[in-house]
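Here are the chains, one letter per residue:
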Amino acid sequence: EVQLVESGGGVVQAGGSLRLSCVASGVTFDDYAIGWFRQPPGKEREGISCISSSDGSTYYAQSVKGRFTVSSDNAKNTVYLEMNNLKSEDTAVYYCALALVHCTRIPPVPGSHGMDYWGKGTLITVSS
């Protein structure tokens, strides 16, 4: 069974940086996508980044473009989200999720966001 575990959350000062990790286990396939999502307090969950295992293509939401960078270490089945210049509005529970298609083929499904597996999330609080 596929399991995703996020780590690296915590409290960080505004303007600071943080790196999240998503370790995938039970993944027996080569081609998949890892998406990062976040849910601020009292708000809906939103997708912020995606990386495809097949070609390493990366994608970002406009809200994080230029500040966040997604990367992967395929040997460790780990995807990272480097977050720089953090802002108060970045405070949220961050989730990684896996889809069995390329990032560009993930269907726009409400709620699940087209992802097949989800981690439990890790909380990031940006203080000012």
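Treat the numbers as computed from the prediction; the structure is a model and nothing was measured.

A. Just the state of the cysteines, in detail. As enumerated under the stated definition, the model contains two disulfides in all. The disulfide partner of Cys50 is Cys103, and the gap between their sulfur atoms is 2.0 Å. Of note, the bridge from Cys50 to Cys103 carries an S-S torsion of about -90 degrees and is left-handed in sense. Separated by 53 residues along the polypeptide, Cys50 in strand 5 (residues 46-52) and Cys103 in the loop between strand 9 (92-99) and strand 10 (117-118) bring together distant segments of the chain. Here Cys50 and Cys103 have matching classes, each one buried. The connectivity of the disulfides in the chain is 1-3, 2-4, where the numbers refer to bonded cysteines in sequence order.

B. Quick peek at the sheet that holds strand 3 (residues 18-25). With antiparallel pairing, four strands are arranged side by side in an open sheet as 1-3-8-7. The open sheet terminates on both sides in strands that have one partner only, identified here as strand 1 (3-7) and strand 7 (68-73). The mean inter-strand angle of the sheet, taken between neighbouring strand axes irrespective of direction, is 15 degrees. In this sheet, strand 8 (residues 78-83) lies alongside strand 3 in antiparallel orientation, the contact comprising six bridges. Bridged to Cys22 within strand 8 is Val79.

Conventions used here
- Residues numbered from 1 in each chain as written.
- Predicted model: local features only at pLDDT ≥ 70, side-chain atom pairs only at ≥ 80, totals over all residues.
- Heavy atoms only, no water.
- Disulfide = S-S within 2.5 Å.
- Helix = DSSP H or I, 4+ residues; strand = E, 2+ residues; numbered from the N terminus.
- Buried < 20%, exposed > 50% of the residue type's maximum accessible area, 1.4 Å probe, protein only.
- Pairing = 2+ DSSP bridges.
- Axes fitted to C-alpha atoms, helices over the stretch in contact; angles between N-to-C directions.

Treat this as a map of the structure, not an account of what it does.
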